[in-house]
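The chain contents come next:
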Amino acid sequence: MIILNSSDSLRKVWRICSTIMSSGSSQIWRRRSGTAWIRAGLVIFILVFIWLQLNFLSLAGSSQQYSEVNDSNAAILSNVPAVLHKFLSPRPKNFTITFSNGSYTNIFYTNAPNISEMKRNIAKYNRQQIVHNENIFEPLQNDSIVIVVQIHDRITYLRHLIVSLAQAPGISQALLVFSHDYYDEEMNSLVQSIDFCKVIQIFYPYSIQTHPNEFPGEDPDDCPRDIKKDQALQKKCNNALYPDVYGHYREAKFTQTKHHWWWKANIVFNQLEVTRNHTGLVVLLEEDHYVAEDFIHMLRLMERTYKESCKHCNILSLGTYLKTYNYYADSKKVEISPWISSKHNMGMAFNRSTWMNIVECASSFCKYDDYNWDWSLQHVSQNCLKHKLHAMVARAPRVFHIGECGVHHKKNNCKSTAMISKVQQILKSAKRHLYPDYLILTYSTVLKKTKLRKGNGGWGDRRDHKLCIGMTIGG
């Protein structure tokens, strides 16, 4: 097929045809043969045919480009089983309408409780500890997997995480724990609609949402982040004596994540009735994660392998931050490595034994001047634990990060589904390499001793230290 892609293509074809016709014409005059007229007619027919093809290709190209831009959500939905579409469909919020002077004047959403109501609801949830679907699925066993999801307010990502969890064989034996630091009835409704396993919700009770004008939220009398210490002392703001290692004062929006992480781990291991005696694996996920369908299968294989072949391994990591993946070569491979916060903090799993070692270092975790839970855990490993954290890491990840916006990163379009689509395609291509029968152990090469790093700051305030230590159970 001839493909011409410029506006001058028709003229070029015409010049070629003219040359042929000129040649044909000279032959007419030389040979005076009627066949030249037939040749000329054939050339005209070819010219018209090519012109029609060019127009068709142009229209088809435009149509394809339009489809790629506008059908991303449809493409994502097409990769989700129809029975799970319900988790991706937002439900209309309840509202009341005031009708006045012949028109609708006010719309009041009835599912937005005030702070007092939120606090009461949060206390009720945490006190009642209702396990949804407990009457449908078997009771939690010691070797059952507990999956703890820390969530804030990004419901679009949460919907896709739930869809990915639903497709994992073995999920019906697991317990899903959703730990919220933002109270929202739409998110509650979504979580409570899960019907493929047991589900329980817990709510971090010291959130910014429920404490907007007091610690641990932003107290109006707190020191501004960038004020100098001598100015803060003159001003007599609340935390003047306690800037961080870089001379900055606390920002509540950054401190909350570390508090929430520590609180939920303590609650799951020591306070929830359904898990307080559980000795099996606890997997830690976040609202903007996405799991491969064989993540439970892989987790079971890793658990068996580390018990047999890596006695010093105490953390399993299902996620990596690689840019490219080779499931053909790496699907069976796991790497043994010292735990590194920036590499092995996604899809972490450990048991009660590891947690008890960590919680004994509560002071080290809670007083370290870094607002990141993973950097703080790295500090605990390097400075407090008798046996440092060692990870068994899946070389071909089973947990992915799909969030493009969060605490540290903001984009113009935070509802982008590009990463979700990308992960779907990765897993679709890798499907025949999932569910390995066995694992191959590899060992990372440690070129030099890991340097003790200075914290990122943001955690110099003594009130944060006290709150964190106060939330510790069993330390």
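Above this text you will find the structure in question.
## Points about helix H8 (residues 252-270)
- Over its 19 residues, H8 extends 26 Å from the first C-alpha to the last, a length consistent with the 27 Å expected when each residue adds 1.5 Å.
- Of all 19 residues that make up H8, 16 are buried, and the element is covered over most of its length.

## Section: the state of the cysteines
- In this structure the tally under the stated criterion is four disulfides.
- Across a sulfur-sulfur distance of 2.0 Å, Cys223 and Cys237 are joined as a disulfide pair. Judged by the sign of its S-S torsion, about 95°, the cystine formed by Cys223 and Cys237 is right-handed. Taken together, the positions of Cys223 in the loop between strand S5 (198-203) and helix H7 (229-235) and Cys237 in the loop between H7 and H8 put the pair 14 residues apart, joining distant regions of the chain.
- On the accessibility criterion, Cys237 (7% relative accessible area) is buried.
- The disulfide that involves Cys361 links it to Cys384, with 2.0 Å between the sulfurs. In this structure, the disulfide formed by Cys361 and Cys384 twists by about -90° around the S-S bond and is classed as left-handed. Of this pair, Cys361 sits in the loop between helix H12 (352-359) and helix H13 (362-367) while Cys384 is found in the loop between helix H14 (373-383) and strand S11 (390-394), placing the two residues 23 residues apart along the sequence.
- Judged by relative accessible area, Cys361 falls into the buried class, the value being 5%.

## With respect to the pattern of salt bridges
- Counted under the stated rule, the structure contains 16 salt bridges.
- A salt bridge links Asp222 to Arg463; its shortest N-O distance comes to 3.2 Å. With Asp222 in the loop between S5 and H7 and Arg463 in helix H16 (residues 462-470), this residue pair connects regions lying 241 residues apart in the sequence.
- Accessibility expressed as a relative area gives 9% for Asp222, which makes it buried.
- With relative accessibility at 24%, the residue Arg463 sits in the partly exposed group.
- Residues Glu303 and Arg300 are paired through a salt bridge, measuring 3.4 Å at the closest nitrogen-oxygen approach. One end of the pair is Glu303 and the other is Arg300, both in helix H9 (residues 295-309) and three residues apart, which spans about a single turn.
- Take Arg300: its relative accessible area is 32%, and that puts it in the partly exposed class.
- Residues participating in the shared-partner salt-bridge network are Arg154, Glu287 and Asp288.

## Here's the deal with the pairing of strand S9 (residues 333-338)
- Here S9 pairs with strand S13 (residues 440-443) via four bridges, running parallel. Paired with Val334 across the strands is Leu441, a residue of S13.

## Thoughts on the nonpolar core
- Core analysis: the largest hydrophobic core is formed by 50 residues, its most contacted members being Ile147, Leu176, Phe178 and Phe196.
- Going through the elements one at a time, strand S3 (146-151), helix H5 (155-166), strand S4 (175-180), helix H6 (185-192), strand S6 (282-286), H9, S9 and S11 are the ones with two or more residues in this core.

## Here's the deal with H14
- The element H14 is largely enclosed, with a buried count of nine among its 11 residues.
- The complete set of buried residues in H14 reads Trp373, Asp374, Ser376, Leu377, Gln378, His379, Val380, Ser381 and Gln382.
- The inward-facing, buried residues of H14 contact H8, S6, helix H11 (341-344), strand S10 (348-350), H12 and H13.

## As for the sheet that holds S10
- Overall, mixed pairing links the nine strands, which are arranged S5-S4-S3-S6-S10-S8-S11-S9-S13 in an open sheet. Since the sheet does not close on itself, it has two edges, and those belong to S5 and S13, each with one partner. Strand-to-strand twist of the sheet, defined as the mean angle between neighbouring strand axes without regard to direction, takes the value 25°.
- With two bridges joining them, strand S8 (residues 315-317) and S10 adopt antiparallel strand pairing.

## A closer look at a nonpolar patch on the surface
- A surface patch of nonpolar side chains, amounting to about 310 Å² of accessible area, comprises Leu42, Phe45 and Ile46.
- Inspection of the secondary structure assignment puts Phe45 in helix H2 (residues 35-70).
- By relative accessible area, which is 56% here, Phe45 ends up exposed.

## Things to note about the packing of aromatic side chains
- This model, assessed by the stated rule, comprises 15 aromatic pairs.
- Consider the rings of Tyr183 and Phe203, whose centres lie 5.5 Å apart with planes at 40°: the pair is tilted. Residue Tyr183 is found in the loop between S4 and H6, and its partner Phe203 is found in strand S5; the two are separated by 20 residues along the sequence.
- Seen from their ring centres, Phe269 and Trp355 are 5.5 Å apart, and the 10° between their planes marks the pair as stacked. Residue Phe269 is found in helix H8, and its partner Trp355 is found in helix H12; the two are separated by 86 residues along the sequence. By the burial criterion, Phe269 is buried, and Trp355 matches it.

Calculation notes
- Counting of residues starts from 1 at the beginning of each chain's written sequence and follows it residue by residue.
- With the structure being a predicted model, the display of local features is reserved for residues of pLDDT at least 70 and the display and counting of side-chain atom pairs for 80 or more, all residues being used for whole-chain, interface and lining totals.
- The side-chain quantities take in all heavy atoms of the structure and omit both hydrogens and water.
- Note on conventions: DSSP H or I runs of at least 4 residues are helices, E runs of at least 2 residues are strands, and numbering of each starts at the N terminus.
- An expected span of 1.5 Å times one less than the residue number is assigned to each helix.
- Exposed residues in this analysis have more than 50% of their type's maximum accessible area, buried residues have under 20%, and partly exposed residues fall in between, with area computed by a 1.4 Å probe over protein chains only.
- Working definition: a disulfide is two cysteine sulfur atoms within 2.5 Å of each other.
- Any carboxyl oxygen of Asp or Glu within 4 Å of a side-chain nitrogen of Lys or Arg constitutes a salt bridge here.
- Any two strands with at least two DSSP-identified bridges between them are counted as paired.
- Side-chain atoms within 4.5 Å link the members of a nonpolar core, which is a set of buried Ala, Val, Leu, Ile, Met, Phe, Trp, Tyr and Cys residues.
- In what follows, residue pairs with any heavy atoms lying within 4.5 Å of each other are defined as contacts.
- Axes here refer to lines fitted to C-alpha atoms; in helices the fit is confined to the stretch in contact. Angles between the N-to-C directions go from 0 to 180 degrees.
- The patches reported here contain residues having more than 30% relative accessible area and no salt bridge. Joining distances are 9 Å for like charges and 5 Å for nonpolar side chains (Val, Leu, Ile, Met, Phe, Trp, Tyr).
- Using the Shrake-Rupley algorithm and a 1.4 Å probe, accessible areas are obtained, with residue cover drawn only from the displayed protein chains.
- Note on aromatic contacts: the rings of Phe and Tyr and the six-membered ring of Trp form a pair at centre separations within 6.5 Å, being stacked when their planes are under 30 degrees apart, edge-to-face when over 60 apart, and tilted otherwise.

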